[in-house]
There are 2 protein chains.
Amino acid sequence: MPKLGMEPIRRKALVTAAIAEIGAAGSLDVTVSAISKRAGMSSALAHHYFGNKDQIFLAAMRHILAGFAVEVHSRLSVATTARDRLSALVEASFARSCFDPEVISAWLNFYVKAHSSADAMRLLRVYQRRLRSNLICALRPLSQHPEALADGIAAMIDGLYIRAALGAPISQDPVATILAFTAPHLKDT
Amino acid sequence: MPKLGMEPIRRKALVTAAIAEIGAAGSLDVTVSAISKRAGMSSALAHHYFGNKDQIFLAAMRHILAGFAVEVHSRLSVATTARDRLSALVEASFARSCFDPEVISAWLNFYVKAHSSADAMRLLRVYQRRLRSNLICALRPLSQHPEALADGIAAMIDGLYIRAALGAPISQDPVATILAFTAPHLKDT
DNA sequence: ATTTTTATTGATTGACGAGTCAATAAAAAA
DNA sequence: TTTTTTATTGACTCGTCAATCAATAAAAAT
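Residues numbered from 1 in each chain as written. Chains lettered and ligands numbered in written order. Predicted model: local features only at pLDDT ≥ 70, side-chain atom pairs only at ≥ 80, totals over all residues. Heavy atoms only, no water.

Side note on the overall build of chain A
From N to C terminus, chain A includes nine helices and zero strands. When the elements of chain A are put in sequence order from the N terminus, they spell out α-α-α-α-α-α-α-α-α. In terms of its C-alpha atoms, chain A occupies a principal-axis envelope of roughly 65 × 35 × 30 Å. Of all 189 residues assigned to chain A, the portion counted as buried reaches 52%. Within chain A, residue pairs in contact and separated by at least 24 positions form 65% of the contacts whose partners lie at least 6 positions apart. With the model as given, the accessible surface of chain A reaches about 8900 Å², and the carbon-plus-sulfur share is 57%. Measuring between centres, the 21 positive side-chain charges of chain A sit 5 Å from its 15 negative side-chain charges. (Helix = DSSP H or I, 4+ residues; strand = E, 2+ residues; numbered from the N terminus. Buried < 20%, exposed > 50% of the residue type's maximum accessible area, 1.4 Å probe, protein only. Contact = heavy atoms within 4.5 Å. Areas by Shrake-Rupley, 256 points an atom, 1.4 Å probe, with all protein chains shown as cover. Lys, Arg positive; Asp, Glu negative; His and termini not counted. Charge placed at Lys NZ, Arg CZ, Asp CG, Glu CD.)

Have a look at this one:
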């Protein structure tokens, strides 16, 4: 009873199932069968559409990265001042869709995966470069050394992500933490 | 030709081999055979001394944590002012022995492992609590809100570790980055 | 109407790897 | 000197899992 045009539906189902499964397991040690089962199909079909497990992971990673990009753009588009743009970037990183426990866990695992997968590394570099250049751009009117500031902020974002991933008790809103740390370094104009 | 008293020697060899192997693979996806081979013994012997793979990982993690503790204490013992103690804590995190690529990679992988292993999580919490309380202690004379500052600094340490783990081009000395970020928040006495 | 294309799965293969075990050997204790 | 304890390994078992494949079925194209 095959309906046509299933490919995009199946792909999306597999991607979200993969993220959920990775989140539940807390690692990439997840079987294609488990992912497929959660997505409501046989593992053979998952292989049919994705070829192999790594491609599923990569697609999941792309999905998360794309979700982040959406959060960034939607906030950036309504920001007027440089300070607004900075806030927008930090807030996007901790937006609900990015800061969901499942997503955080998957994100962290992809970070590690990048160590042993050139494809994953490439994807990550794209994200890193984009975030960095966005930060520098927002910081340029606010600082003499936008690069150094941007690197520190990016590190804090990643660091707070890790803590969240570990379920560490978050003392405060991470956004507030980062902005408070950054504030004294900005020109007061 | 068994010489007696091999146990501690074998254990240490396995632990360092495990860290090396994890560093080389960039993941915990490492076989006991590979670890044992690198350590110069059969996999059966590794099982004999450690019981199972997880215990090897845990021991490796403990080894890294202990190495970090040594760096901390050696620096803390010669620090006189509060500012010195703060620098000591940050510098210890990036000491040669802690900032070795192999160690960074292993460290990051243990971080992820903690997600799915209660034992690993316990170890990590010990480290986190210790670092946090050390930081707060050093910051108390320097700030009204030592907790918030400590959390930010801890996050930056982790974040810069991640970037190092990914081999991201490090623009500056991470220690300098953190201290520069922190400086404006400290009492100027 | 038959052929092709798309969707789908159960069953199978093949590899790999953790953990066990029996066997061997040498030191130490009895 | 016999026995026990410690060290050590090669061979084996058992499970798991990624990936393949043959088979089935329905839509679309011819």
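Some details on the UniProt feature "domain: HTH tetR-type" (unreviewed entry) in chain A
Here the UniProt-annotated "domain: HTH tetR-type" (unreviewed entry) positions come out as residues 8–68 of chain A. In this annotation, residues 8–68 of chain A is assigned 80% helix and 0% strand; the end-to-end C-alpha distance for the span is 21 Å. (UniProt positions renumbered as here; feature names shortened; annotations may be inferred.)

Here we look at the relation of the copies chain B and chain A
Screw-axis analysis of chain B against chain A gives a translation of 0.0 Å along the axis, an RMSD of 0.0 Å, and a rotation angle of 180°. Here the copies are linked by what is in effect a two-fold axis. Considering only C-alpha atoms, the residue of chain B closest to the rotation axis is G159 of chain B, which sits at 2.0 Å. Comparing interface residues between copies, 100% of those in chain B also sit at the interface in chain A, which points to an isologous, same-surface contact. (Least-squares fit on C-alpha atoms with pLDDT ≥ 70 in both.)

Examining the UniProt feature "DNA-binding region" (unreviewed entry) in chain A
According to UniProt, the feature "DNA-binding region" (unreviewed entry) maps to residues 31–50 of chain A in the numbering used here. Within the segment residues 31–50 of chain A, helix and strand shares are 75% and 0% respectively, and the terminal C-alpha atoms sit 14 Å apart.

Focus: the layout of surface pockets
Over the atoms rolls a probe the size of a water molecule, and its path tells where empty space is left. Volume-wise, the largest pocket comes out at about 500 Å³. Along the wall of the largest pocket there are 20 residues; nearest its centre are S27, L28 and D29 of chain A together with L28 and D29 of chain B. Secondary-structure elements contributing two or more residues to the lining of the largest pocket are helix 4 (53–76) and helix 6 (101–113) of chain A together with helix 4 (53–76) and helix 6 (101–113) of chain B. Broken down by class, the residue content of the lining of the largest pocket amounts to seven nonpolar, six polar and seven charged. Of the volumes computed, that of the second largest pocket is approximately 310 Å³. For the second largest pocket, the lining is made up of 17 residues, of which R163, A168 and P169 of chain A together with R132 and D151 of chain B are closest to its centre. Those elements that place two or more of their residues in the lining of the second largest pocket are helix 8 (146–165) and helix 9 (174–182) of chain A together with helix 7 (118–139) and helix 8 (146–165) of chain B. Here the element with the most residues in the lining of the second largest pocket is helix 7 of chain B; it accounts for four residues. The residue makeup of the lining of the second largest pocket, split by class, is eight nonpolar, four polar and five charged. (1 Å grid on protein atoms, 1.4 Å probe; cavity = no way out; pocket = protein on both sides within 12 Å on 5 of 7 lines; lining within 4 Å. Points joined across faces, edges and corners; volume = space filled by probe spheres on them. Nonpolar A, V, L, I, M, F, W, Y, C, P; charged D, E, K, R; others polar.)

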